[in-house]
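Single-letter residue listing:
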Amino acid sequence: MRMFAGSYCGSPPSLAEVATRWNFDPALLAVLALGLALSLRAGNRLATVGMALLAIAFVSPLCAASVTLFSARSLHHLLLILGALCFAMAMRESEVSSRLARSLFRRRVPVGPATIGMTAVLWGWHVPSLYDAALADMLVYWTMQLSILASSFAFWLAICRASAVGAVGGLLGGTVQMGFLSALLTFATEPLYRIHIAAAPSWGISPLADQQLAGLIMWVGGMAPFAIGAAAIARNAWARQNAAQPAPVVSRNPV
């Protein structure tokens, strides 16, 4: 169909063939292999997990499924946000990062602007005209993917660098905006994206039901990155509190 002529992940697969639709784009595999090699060389497990999440998003059949189902696209975007969280946490915790990584982490990104930026990017790409354009043109598609990954990384980097109060505020802001976007998709009375209106019925699901499922995935699954971020903040705050406590004084009684 001409609607999918420029789709990076190809035409919508049928339910019977989706398991065979792996993406072995040489350029993509080269970038992922380089990132994996660098993370393994640094011994950075979080960065390795982040690269694995990107591989699932772009190499596995999820890439093709996301052309058919909007719910698969929601899962795809959640993997990008989780991958960005892994990269930000990897940069924070690694003491053997590259000079560029250390330079990036030292740059303090304010939580407020980072939260607003991520929100604008996520909401902007869910505008139907922009979303449909991304699935019909490879340049627009990669602009969408990279902007979501970059804005999410900037957000998580700001959270990692912020004080406990600032980090909690940013996490609350991120959670609220994700909840509102999820609710908008879940309770919409008609499907919004013409690409999925055309493709979703081939899997035996109506476009509106697919969109509602996408909203629920974003609503429930979208809380996971923020819960992980909150747990990391709590752990770091606990560690700082323990480190700040004075060592106990051991008195020695004279013999």
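Criteria and cut-off values
Residues numbered from 1 in each chain as written. Predicted model: local features only at pLDDT ≥ 70, side-chain atom pairs only at ≥ 80, totals over all residues. Heavy atoms only, no water. Disulfide = S-S within 2.5 Å. Helix = DSSP H or I, 4+ residues; strand = E, 2+ residues; numbered from the N terminus. Buried < 20%, exposed > 50% of the residue type's maximum accessible area, 1.4 Å probe, protein only. Salt bridge = Lys/Arg side-chain N within 4 Å of Asp/Glu carboxyl O. Patch = residues over 30% accessible without salt bridge, like charges linked within 9 Å, V, L, I, M, F, W, Y side chains within 5 Å. Areas by Shrake-Rupley, 256 points an atom, 1.4 Å probe, with all protein chains shown as cover. Contact = heavy atoms within 4.5 Å. Expected span 1.5 Å × (residues − 1). Arc of directions from axis to C-beta. Axes fitted to C-alpha atoms, helices over the stretch in contact; angles between N-to-C directions. Parallel < 35°, antiparallel > 145°, perpendicular 65-115°, else oblique. Left-handed = near helix turned anticlockwise from the far one by under 90°. Nonpolar A, V, L, I, M, F, W, Y, C, P; charged D, E, K, R; others polar.

Undergrad: Would you take a moment to explain the state of the cysteines for this structure?
TA: Here a disulfide denotes a covalent bond joining the sulfur atom of one cysteine to the sulfur atom of another. All told, the structure shown has one disulfide when counted by the stated rule. Two residues share a disulfide in this structure: Cys9 and Cys63, whose sulfurs sit 1.9 Å from each other. Negative torsions about the S-S bond denote left-handed disulfides, and the value of about -70° found for Cys9 with Cys63 makes this one left-handed. Highlighted residues: Cys9 in the segment before α1 (26–41) and Cys63 in helix α3 (residues 62–68), separated in sequence by 54 residues. No difference in accessibility class separates Cys9 from Cys63, as the two residues are buried.

Undergrad: So what exactly am I meant to see when it comes to the pattern of salt bridges here?
TA: Two side chains carrying opposite charge are able to pair once their charged atoms lie near each other. Tallied over the entire structure, the rule returns two salt bridges. Note that Glu17 and Arg21 form a salt bridge whose closest N and O atoms lie 4.0 Å from each other. Across the pair Asp132 and Arg194 runs a salt bridge, and its minimum N-O distance is 3.8 Å. Of the two residues, Asp132 sits in helix α7 (residues 128–134) while Arg194 sits in helix α10 (residues 194–199), which places them 62 residues apart along the sequence. Since its relative accessible area comes to 44%, Arg194 is described here as partly exposed.

Undergrad: Is there a simple way to explain a nonpolar patch on the surface in this structure?
TA: Together, Trp123, Val176, Phe180 and Leu184 give the surface a local cluster of nonpolar side chains, amounting to about 400 Å² of exposed area. Element by element, the count of residues in the nonpolar patch is highest for helix α9 (residues 164–186), at three residues. As for its position among the elements, Leu184 is in helix α9. With relative accessibility at 47%, the residue Leu184 sits in the partly exposed group.

Undergrad: Where do I start with the environment of Asp210 in this structure?
TA: The topology assignment puts Asp210 in helix α11 (residues 207–221). Distance in space between the C-alpha atoms of Asp210 and Thr68 is 9.7 Å, their sequence separation being 142 residues. Excluding anything up to four places from it in sequence, Asp210 contacts Thr68, Leu69, Phe70, Ser71, His196, Ala200 and Ile205.

Undergrad: I would appreciate a short explanation of helix α6 (residues 111–124) in the present structure.
TA: Since one α-helical turn is 3.6 residues long, residues separated by three or four positions face the same way. In a regular helix each residue adds 1.5 Å, so 14 residues correspond to 20 Å; α6 covers 20 Å between its end C-alpha atoms and thus fits that length. Along α6, the positions that sit buried rather than exposed are Val111, Ala114, Thr115, Met118, Val121 and Leu122. Down the axis of α6, the buried side of the element spans an arc of 135°, and every buried residue falls inside it. Away from the buried face of α6 by more than 90 degrees, exposed residues Pro113 and Ile116 are located.

Undergrad: Looking at this structure, I do not really get the packing of α6 against α9. What am I missing?
TA: Packed helices, taken two at a time, are described by the angle their axes make and the gap between the axes. One can describe the packing of α6 onto α9 by two numbers: an axis separation of 9 Å at closest approach and a directional angle of 15°. When the axes of α6 and α9 are compared, the pair comes out roughly parallel. Remark: the crossing between α6 and α9 carries right-handed chirality. The residues of α9 that touch α6, namely those facing Val111, Thr115, Met118, Thr119, Leu122 and Trp123, are Gly166, Gly170, Gly173, Gly174, Gln177, Met178, Phe180, Leu181 and Leu184. Split into classes, the residues belonging to the contact of α6 with α9 amount to eight nonpolar, seven polar and no charged.

So yeah, pure geometry; function would need other evidence.
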